[in-house]
Amino acid sequence: MRSDEPVLGQIRTETVDTMDFLRWNTQIGRILAKYLETLDAPEAEKNAANILFCSPQVIDWAAARYAAAEREQRPTLPTEVLNADGCRVFGTSTKRGWRGAALAVSCEREVALTVLTGLAIGTGEPLCVLLEAELSAPDNAGATVTLGSFRHG
């Protein structure tokens, strides 16, 4: 950990027992929306929070599911929409009033925190939320979702 790296607080962890191939983004998005609702911060800050969804494992899992469906030549969403699906994680929060900046990325935590800090600098909004998801096991579609937040500036 670098000395200038943000320290996450208000950390919460939840489990998705079985992620659904076509609804994984909504399943994780509900956890994010619940976190934002219960976050100890002014409502205006929560609604403008910078959010980064960092989940290399889940993004790889979803990409493999999309590719398998395409090989079976059955109707599916094209792999080009994978990042859009990652961004749909934020949709439930948008319906509840959140209007901040967000990205879905596949990188290490240190890089994710640097990117999230850059979002805070660019938007001028101090509240930052890191949303991470890890598969429960390589062959299991369950996931552990961890959220934490920090204030920049």
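Our subject is the structure that appears above.
This write-up is about the structure you can find in this document. (Residues numbered from 1 in each chain as written. Predicted model: local features only at pLDDT ≥ 70, side-chain atom pairs only at ≥ 80, totals over all residues. Heavy atoms only, no water.)

### What to know about the overall build of the protein chain
Right, so step 1: Along the backbone of the protein chain there are six helices and five strands.
Right, so step 2: Counting only residues that meet the buried cut, the protein chain has 44% of its 153 residues in that class.
Right, so step 3: Partitioning the contacts of the protein chain with sequence separation of at least 6, the portion at a separation of at least 24 is 71%.
Right, so step 4: A total accessible area of about 7,900 Å² is found for the protein chain, and carbon and sulfur atoms account for 51% of it. (Helix = DSSP H or I, 4+ residues; strand = E, 2+ residues; numbered from the N terminus. Buried < 20%, exposed > 50% of the residue type's maximum accessible area, 1.4 Å probe, protein only. Contact = heavy atoms within 4.5 Å. Areas by Shrake-Rupley, 256 points an atom, 1.4 Å probe, with all protein chains shown as cover.)

### Considering the pattern of salt bridges
Side chains that carry opposite charge are capable of pairing whenever their charged atoms lie near each other.
Right, so step 1: Inspection of the entire model under this criterion finds six salt bridges.
Right, so step 2: Notably, a salt bridge pairs Asp20 with Arg23, separated by 4.0 Å at the nearest N-O pair.
Right, so step 3: Assessed through its relative accessible area of 32%, Asp20 is described here as partly exposed.
Right, so step 4: The partner of Lys46 in a salt bridge is Glu43, and the shortest N-O contact between them spans 3.4 Å. (Salt bridge = Lys/Arg side-chain N within 4 Å of Asp/Glu carboxyl O.)

### Considering helix α1 (residues 24-38)
Right, so step 1: In a regular helix each residue adds 1.5 Å, so 15 residues correspond to 21 Å; α1 covers 22 Å between its end C-alpha atoms and thus fits that length.
Right, so step 2: When α1 is considered as a whole, its buried residues turn out to be Trp24, Asn25, Gln27, Ile28, Gly29, Ile31, Leu32, Ala33, Tyr35 and Leu36. (Expected span 1.5 Å × (residues − 1).)

### Digging into the side chain of Gln27
Right, so step 1: With respect to the element layout, Gln27 can be found in helix α1.
Right, so step 2: Of the polar contacts made by the side chain of Gln27, one reaches the backbone oxygen of Thr18; its length is 3.2 Å.
Right, so step 3: Among all residues touching Gln27, those that are not within four sequence positions of it are Val16, Thr18, Met19 and Asp20. (Polar contact = N/O pair within 3.5 Å; in protein donor to acceptor, adjacent residues only side chain to side chain.)

### Some thoughts on unusual backbone geometry
Right, so step 1: The residue Gln10 is not glycine, and still its phi comes out positive at about 45°.
Right, so step 2: Here Gln10 lies in strand β1 (residues 9-16).

### Overview of the pairing of strand β4 (residues 127-137)
Right, so step 1: Among the 11 residues in β4, eight count as buried, and that is most of the element.
Right, so step 2: The pairing of strand β2 (residues 50-54) with β4 spans five bridges and is parallel. Bridge pairing links Cys54 to Glu132 in β4. (Pairing = 2+ DSSP bridges.)

### What about the environment of Ala41?
Right, so step 1: With respect to the secondary-structure elements, Ala41 resides in the loop between α1 and α2 (43-47).
Right, so step 2: Every residue in contact with Ala41, bar those within four places of it in the chain, is listed here: Lys46 and Leu127.

### Notes on the state of the cysteines
Right, so step 1: For the structure on display, the rule yields zero disulfides.
Right, so step 2: Lacking any disulfide linkage, Cys54 is separated from the closest cysteine sulfur, that of Cys107, by 4.1 Å. (Disulfide = S-S within 2.5 Å.)

### Structural notes on the environment of Cys107
Right, so step 1: The topology assignment puts Cys107 in the loop between β3 (102-105) and α6 (109-123).
Right, so step 2: Spatially, the C-alpha atom of Cys107 lies 7.4 Å from that of Ser55, the residues being 52 residues apart in sequence.

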